[in-house]
Amino acid sequence: MSNPLLIIFEVFVFPGFLFLCLLALVSQWFKRKIIARMQNRMGPTYVGPIGLAQPFADALKLFFVKELVVNRGILWAVALFVATLGICAISASTLLLPIAPVQLVSPYDVFVLIYVLLYAIFAFILIGLMSSNPFSAMGSSRYMAMIAIAEPALALSLVASALVYYNILPLSIGVTLAVSPPSLYDAIVTIFVGISLFIILLAKGMLKPYDIPEAETEIAGGFAAELSGPLLGMVMLLHDAEISFLTLLYTFLVLKGPYPFTLADPAGWVVVFAKYFFILFMASAIVASVGRLRIEQALRHLLRYSLALSIIAFVIALTFRYLA
Amino acid sequence: MQVTLDPFTLMLVISSGLLILACILVIAMYLVVSRKVRVTSAYLCGEDEKDFSKSLSPGGSPMYWGATEVLKKCLKVLRESIHTGFIDDWFSLMIPFMMVLVMVAVAASVIMKGV
């Protein structure tokens, strides 16, 4: 295996924790700015040039509050550990992305990725259920209902994509993310995976129209109703880090990362970030344009336009695999 | 650069990285966060916590309403076929049902005898 120190550097710095936090906060600023512009507002302007440092200031303010305000029912230390574990899981899973200096791949690593991403989901669910507030419990139950459809859809999409390059390495998402240019067979599967994954990105990121678990005007912030200070900061960071990771995954899986360049070429990195911010722009445009769905509408949407398309992609990939 | 591992080693590497990072972050958090703590009751948009906690578990009537909502179509069929005011309608639905039950009972007794 490669140098263990390099692996630790990757988990801690690039493309792990520090890079992911930086990307998450910059993405939060970008999202807020785009949504504000579309709603005829200014967005963040006060801290840093064009308000770029506003998410950093918000995070610092939450982490260094003078007094912790804790809900009577919540196990504060456990909740903080769970949220931290969620961020660390996402940071560690960046080792599978092609942007890592040493990208780790293995046969069947798609299941490793699916498993590691579950940490973040359990963090959101547990933190909501830990609180004595019924709004938090309701937010968590709504999140669980959405995840019950979104997560199988994500798993099927990833497995379908990994099936395409089964002959290189069996069910390896790392290899699938790094392959370029795409084959025709890949392109057919990717059309279905692309639509499904984009909806999953909105649902798992709790972005409109799927922001039902944290509906502020309806259930007072849902699972985050009782959170404040460092715990709220950690949960917000986890939320943004998950969105950033899924967007990066989308960039490589659907838009083929640096294609037509490679990551060895600086132009490849420019293309990757251009694609990343394009996806974020599209997500922000949807957030600014649509209203919130009711839970049963959201579940129906996810079933029809995400899970169904993932199943189609999986069946196509499986058929091609056995015909080949 | 791509390094190919076996799935177990990959799982081990990712889990170890995750845990080491989590431990360091949690320790760092405990060092920097404030020691001053204020405990509050649940935020319920101005409602009293006691009033709210009474309705935390569902009562009988919402459960009944939920069940009738779920079984609406089934109940409609039953109501229209049985609840007509004529006893013949009731018998015409119940006799086939009873026949099925008798057949199941006979079959069960034959099978049990065999055992």
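In this text the structure is predicted, and so the values were computed from the model without any measurement.

Topic: the pattern of salt bridges
Residue and element names in this part refer to chain A.
Step number 1: For the structure shown, the criterion picks out nine salt bridges over all chains.
Step number 2: The residue Asp 211 makes a salt bridge to Arg 292 at a minimum N-O spacing of 3.1 Å. Residue Asp 211 is located in the loop between helix H8 (184-204) and helix H9 (216-219), and its partner Arg 292 is located in the loop between helix H11 (266-289) and helix H12 (295-323); the two are separated by 81 residues in the primary sequence.
Step number 3: A relative accessible area of 7% means that Asp 211 is categorised as buried.
Step number 4: Taken together, the shared-partner salt bridges in this structure form one network comprising Glu 151, Lys 204 and Glu 242.

A short note on the interface of chain B and chain A
Step number 1: At the interface, 39 residues of chain B touch 52 residues of chain A.
Step number 2: Of the roughly 4000 Å² buried at the junction of chain B and chain A (both faces included), carbon and sulfur atoms supply 75%.
Step number 3: For the chain B face of the interface with chain A, the top three residues by lost area are Ile 14, Leu 18 and Leu 21 of chain B, together amounting to 14%.
Step number 4: Counting every contact that joins chain B to chain A gives one salt bridge.
Step number 5: Glu 67 of chain A is paired through a salt bridge with Arg 38 of chain B; the nearest N and O atoms lie 3.0 Å apart.
Step number 6: Our count for the contact surface shared by chain B and chain A stands at 12 residue pairs in polar contact (both at pLDDT 80 or more).
Step number 7: Going through the elements one at a time, strand E1 (2-4), helix H1 (7-32), strand E2 (37-40) and helix H2 (49-54) of chain B are the ones with two or more residues in the side of chain B that touches chain A.
Step number 8: With 18 residues, H1 of chain B is the single largest residue contributor to the side of chain B that touches chain A.
Step number 9: Of the residues in the side of chain B that touches chain A, the class split is 28 nonpolar, seven polar and four charged.

A look at unusual backbone geometry
Residue and element names in this part refer to chain A.
Step number 1: With omega at 0°, the peptide bond leading from Phe 14 into Pro 15 counts as cis.
Step number 2: Looking at the element boundaries, Pro 15 is found in the loop between helix H1 (4-12) and helix H2 (17-38).
Step number 3: A cis amide bond, omega 15°, links Tyr 259 with the succeeding residue Pro 260.
Step number 4: Checked against the element boundaries, Pro 260 lands in the loop between helix H10 (229-253) and H11.
Step number 5: One non-glycine residue, Tyr 108, lies in positive phi territory at about 65°.

Considering the side chain of Arg 142 of chain A
Residue and element names in this part refer to chain A.
Step number 1: When you line up the elements, Arg 142 lands in helix H6 (residues 134-164).
Step number 2: Accessibility expressed as a relative area gives 14% for Arg 142, which makes it buried.
Step number 3: With residues near it in sequence (within four places) discarded, Arg 142 still touches Ile 212, Pro 213, Ala 215, Glu 218, Ile 219 and Ile 295.

Observations regarding the nonpolar core
Step number 1: The biggest cluster of nonpolar side chains holds 128 residues, and the ones touching the most others in it are Leu 104, Leu 158, Val 189 and Tyr 210 of chain A.
Step number 2: The residues contacting Leu 158 of chain A, other than those within four sequence positions of it, are Val 110, Leu 113, Ile 114, Ile 173, Leu 249 and Leu 253 of chain A.
Step number 3: In terms of nonpolar packing, the next biggest core, distinct from the first, is built from seven residues, Phe 135, Ala 215 and Ala 220 of chain A together with Leu 44 of chain B among them.

Points about the environment of Phe 198 of chain A
Residue and element names in this part refer to chain A.
Step number 1: Here Phe 198 shows up in helix H8.
Step number 2: In this structure the C-alpha to C-alpha distance between Phe 198 and Ser 306, which are 108 residues apart in sequence, comes to 8.5 Å.
Step number 3: In this structure, Phe 198 is in contact with Tyr 250, Ile 279, Met 282, Ala 283 and Ile 286, ignoring residues within four places of it in sequence.

Describing the packing of H8 of chain A against H11 of chain A
Residue and element names in this part refer to chain A.
Step number 1: Two elements in contact, H8 and H11, have axes whose closest approach is 11 Å; the angle formed by their N-to-C orientations is 60°. Remark: the crossing between H8 and H11 carries right-handed chirality. Residues Phe 198, Leu 201 and Leu 202 of H8 form the contact with H11, whose own contacting residues are Ile 279, Met 282, Ala 283 and Ile 286.
Step number 2: Its residues assigned to classes, the contact of H8 with H11 shows seven nonpolar, no polar and no charged.

Let's talk about the side chain of Thr 190 of chain A
Residue and element names in this part refer to chain A.
Step number 1: Its location among the elements puts Thr 190 in helix H8.
Step number 2: For Thr 190, a relative accessible area of 11% gives the class buried.
Step number 3: Ignoring any residue separated from it by four or fewer positions in sequence, one finds Thr 190 in contact with Leu 253, Val 254 and Lys 256.

What to know about H1 of chain A
Step number 1: Of the residues making up H1 of chain A, those classed as buried are Ile 7, Glu 10 and Val 11 of chain A. The buried residues of H1 of chain A occupy an angular sector of 95° when the element is viewed end-on, so they sit on one face.
Step number 2: Contacts made by the buried residues of H1 of chain A are with H2, helix H4 (76-93) and strand E2 (103-105) of chain A together with H1 of chain B.
Step number 3: The N-capping residue of H1 of chain A, defined by a side-chain oxygen 3.1 Å from the backbone nitrogen of Leu 5 of chain A, is Asn 3 of chain A.

The rules behind each value
Residues numbered from 1 in each chain as written. Chains lettered and ligands numbered in written order. Predicted model: local features only at pLDDT ≥ 70, side-chain atom pairs only at ≥ 80, totals over all residues. Heavy atoms only, no water. Salt bridge = Lys/Arg side-chain N within 4 Å of Asp/Glu carboxyl O. Helix = DSSP H or I, 4+ residues; strand = E, 2+ residues; numbered from the N terminus. Buried < 20%, exposed > 50% of the residue type's maximum accessible area, 1.4 Å probe, protein only. Contact = heavy atoms within 4.5 Å. Buried area = accessible area lost by both parts, 1.4 Å probe. Polar contact = N/O pair within 3.5 Å; in protein donor to acceptor, adjacent residues only side chain to side chain. Nonpolar A, V, L, I, M, F, W, Y, C, P; charged D, E, K, R; others polar. Core = buried A, V, L, I, M, F, W, Y, C linked by side-chain atoms within 4.5 Å. Axes fitted to C-alpha atoms, helices over the stretch in contact; angles between N-to-C directions. Left-handed = near helix turned anticlockwise from the far one by under 90°. Arc of directions from axis to C-beta.

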